[in-house]
Amino acid sequence: MLGDQSIHRIEPTVPFWQQEMAAAFTTVEQLLAFLDLDPALLPAAVKASTQFGFKVTRSYASHMKKGDPDDPLLRQVLPLADELNHVPGFGPDPVGDIEALAAPGVLHKYHGRALLITTGACAIHCRYCFRRAFPYSEARLPRQQESLALDYIAGDESIREVILSGGDPLMLADERLAGLIGRIAAIPHIERLRIHSRLPIVLPSRITSELIRCLLASRLSVVLVVHANHAAEFDRAVGNAAALLRQAGVPLFNQSVLLKGVNDRADTLIQLSETLFKHGIIPYYLHLLDKTTGTAHFDVPMERAVALYGVLLRRLPGYLVPRLVRERAGAAYKVPV
Ligand code: SF4
């Protein structure tokens, strides 16, 4: 939990979650000092963060173990010199997002679903992110072009579900989300709204009753897919955020990425599934790493991934085993491994 001194209250009208965002660590130096880590890690981190900026919320950092450079949560956000290596097979857009842009801010890859890139902003910058090189300035949904995106969706009656993605769509203010959801709900053939967000895990204060009211204000069925990779990402605040959503009737799912040095052990994955379930979140996908430039040091070889998955199948009930998948550019669905 954040101490009072961690956040300088800006003004009473600014929501608490936005105050927390304003207090997030935006330099590696701050995080290393907070965690009592060796400043020798700094030069490489500073260099690597010129490729993809550094950001982490204090609530997420508060789950990291002080003095441990191998902490699995720290590894997800700490820039390393490895990111600067050029590795064959790794490129800027391994999942073919640019190719799938159908209108400003609209990715249309799969039958019946269209995805809106609502914003380029996130609460933390995950070093393995498949959109770390994504040209958000050109490809996200600008407010002025919302109509073009919604016209595209309105013009294709096969689309039944709209996915709000980003960046992180819950970085948008409630008013903007409410307006956007209202306009989506006005398209008669849309039935479901899916939200992909890491905020319930890394900034649980974002889940407020006002936000939930705004998500549920329309006629659409709402599903929330969170993104957690390790059981240590859960604490009471994260649990409370999940409980608020659950009590409001929002189905909760989780997608994780299999990451070397973070969660590539069977016990870790089992503990994650059990923790998710304890909080009413269904383990949905375990993704193999998307081969994005700068992320090769997170890659878990296929053979090892399959062996780990075999252990999950043997040790967990079926409903706690996420689907092991790989996203392939141009494929009509996420490909089961
Ligand atoms: S929160 Fe999601 S979109 Fe944002 S950096 Fe992390 S993985 Fe990427």
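Small disclaimer: the values here were computed from a predicted structure and weren't measured.

Quick notes on the rules
Residues numbered from 1 in each chain as written. Predicted model: local features only at pLDDT ≥ 70, side-chain atom pairs only at ≥ 80, totals over all residues. Heavy atoms only, no water. Near = heavy atom within 4 Å. Nonpolar A, V, L, I, M, F, W, Y, C, P; charged D, E, K, R; others polar. Helix = DSSP H or I, 4+ residues; strand = E, 2+ residues; numbered from the N terminus. pLDDT = per-residue confidence, 0-100. Contact = heavy atoms within 4.5 Å. 1 Å grid on protein atoms, 1.4 Å probe; cavity = no way out; pocket = protein on both sides within 12 Å on 5 of 7 lines; lining within 4 Å. Points joined across faces, edges and corners; volume = space filled by probe spheres on them. Phe/Tyr/Trp six-rings, centres within 6.5 Å; stacked < 30°, edge-to-face > 60°. Buried < 20%, exposed > 50% of the residue type's maximum accessible area, 1.4 Å probe, protein only. Expected span 1.5 Å × (residues − 1). Polar contact = N/O pair within 3.5 Å; in protein donor to acceptor, adjacent residues only side chain to side chain. Pairing = 2+ DSSP bridges. Core = buried A, V, L, I, M, F, W, Y, C linked by side-chain atoms within 4.5 Å. Salt bridge = Lys/Arg side-chain N within 4 Å of Asp/Glu carboxyl O.

Asks: Report on the site of the ligand, specifying residues and quantitative values.
Replies: Residues in contact with the ligand, as listed here, are Cys122, Ile124, Cys126, Cys129, Gly167, Arg198 and His227. Here the residues of the shell around the ligand sort into 4 nonpolar, 2 polar and 1 charged.

Asks: An account of unusual backbone geometry is needed here, citing residue identities and associated values.
Replies: Across the junction of Gly166 and Gly167, the peptide omega takes the value 20°, indicating a cis bond. Tracing the backbone through its elements, the reader meets Gly167 in the loop between strand E4 (161–165) and helix H8 (174–185). Within the chain, Asp36 stands out as a residue other than glycine whose phi angle is a positive 55°. Residue position: Asp36 is located in the loop between helix H2 (28–34) and helix H3 (42–48).

Asks: Any chance you could break down the confidence of the model for the chain for me, citing the residues and the numbers?
Replies: When pLDDT is averaged along the chain, the result is 94; 96% of the residues meet or exceed 70. In the predicted structure, residues 1–6 sits below a pLDDT of 50 and forms 8 contacts with residues beyond four places in sequence or in another chain.

Asks: Summarise empty space enclosed by the protein; cite the residues concerned and give the values.
Replies: Enumeration over the complete set of coordinates arrives at 2 cavities of 30 Å³ or more. Of the pockets and cavities examined, the largest cavity occupies roughly 60 Å³. Lining the largest cavity, in full, are Asn254, Ser256, Leu269, Leu272, Ser273, Leu276, Pro283, Tyr284, Tyr285, Leu286, Leu312 and Pro322. Put simply, the parts of the chain that give the lining of the largest cavity at least two residues each are strand E7 (252–257), helix H12 (266–278) and strand E8 (282–287). Per-class residue counts for the lining of the largest cavity are 9 nonpolar, 3 polar and no charged. Space inside the second largest cavity adds up to approximately 40 Å³. Together, Pro200, Ile201, Val226, Val238, Ala241, Ala242, Leu245, Leu252 and Ile281 line the second largest cavity. Mapped onto the lining of the second largest cavity, the elements with two or more residues apiece are helix H9 (199–202) and helix H11 (236–247).

Asks: Now, about the packing of aromatic side chains: what can you tell me, with residues and values included?
Replies: On inspection of all chains with the given rule, the structure shows 5 aromatic pairs. The interplanar angle of 55° and the centroid separation of 5.6 Å between the aromatic rings of Phe253 and Tyr284 together place this pair among those described as tilted. You can see Phe253 sitting in strand E7 and its partner Tyr284 sitting in strand E8, a full 31 residues away along the chain. Residue classification places Tyr284 among the buried residues on the basis of a relative accessible area of 17%. Here the aromatic rings of Phe277 and Tyr319 are separated by 5.4 Å at their centres, their planes lie at 50°, and the arrangement is tilted. Taken together, the residues span a long stretch of sequence, with Phe277 in helix H12 and Tyr319 in the loop between helix H13 (302–315) and strand E9 (323–326) at a distance of 42 residues.

Asks: Let's hear about H11: which residues, and what values?
Replies: The end-to-end C-alpha distance of H11 is 16 Å, a good match for the 16 Å that 12 residues give at a rise of 1.5 Å each. Taken together, the buried positions of H11 are occupied by Val238, Gly239, Ala241, Ala242, Ala243 and Leu245. Among the structural elements, H9, helix H10 (209–215), strand E6 (221–226) and E7 are those in contact with the buried residues of H11. The opening residue of H11, the one whose side-chain oxygen lies 3.1 Å from the backbone nitrogen of Ala237, is Asp235. Positive backbone phi, at 90°, marks Gly249, one or two positions downstream of H11.

Asks: Could you give me a rundown of the sheet that holds E6, with the residues and numbers involved?
Replies: Read from one edge of the open sheet, 10 strands run E1-E2-E3-E4-E5-E6-E7-E8-E9-E10, paired in mixed fashion. Whereas interior strands pair on both sides, the edge strands pair on one side only; in this sheet they are strand E1 (101–103) and strand E10 (335–336). Note that E1 and strand E2 (residues 106–107) share 2 bridges and pair antiparallel. Its bridge partner being in E2, Leu101 is matched across the sheet by Leu107.

Asks: Got a sec to walk through the nonpolar core? Specific residues and values, please.
Replies: Formed by 77 residues in total, the largest nonpolar core has its most connected members in Leu31, Val56, Met64, Leu116, Ile153, Leu164 and Ile184. Sort the elements by how many residues they give to this core and H8 lands first, with 5 residues. Discounting residues that sit within four places of it in the chain, Leu164 has contacts with Leu116, Thr118, Pro169, Leu177, Leu180, Ile181, Ile184, Leu193, Arg194, Ile195 and His196. If you look at the next biggest cluster of nonpolar residues, it comprises 16 residues, including Leu288, Val311, Val321 and Leu324.

Asks: Got a sec to walk through the pattern of salt bridges? Specific residues and values, please.
Replies: This structure, assessed with the given rule, holds 17 salt bridges. Glu83 is the salt-bridge partner of Arg127, the closest N and O atoms lying 2.9 Å from each other. In this pair, Arg127 is assigned in the loop between strand E3 (113–117) and helix H6 (136–139) and Glu83 in the loop between helix H5 (72–77) and E1, connecting sequence segments 44 residues apart.

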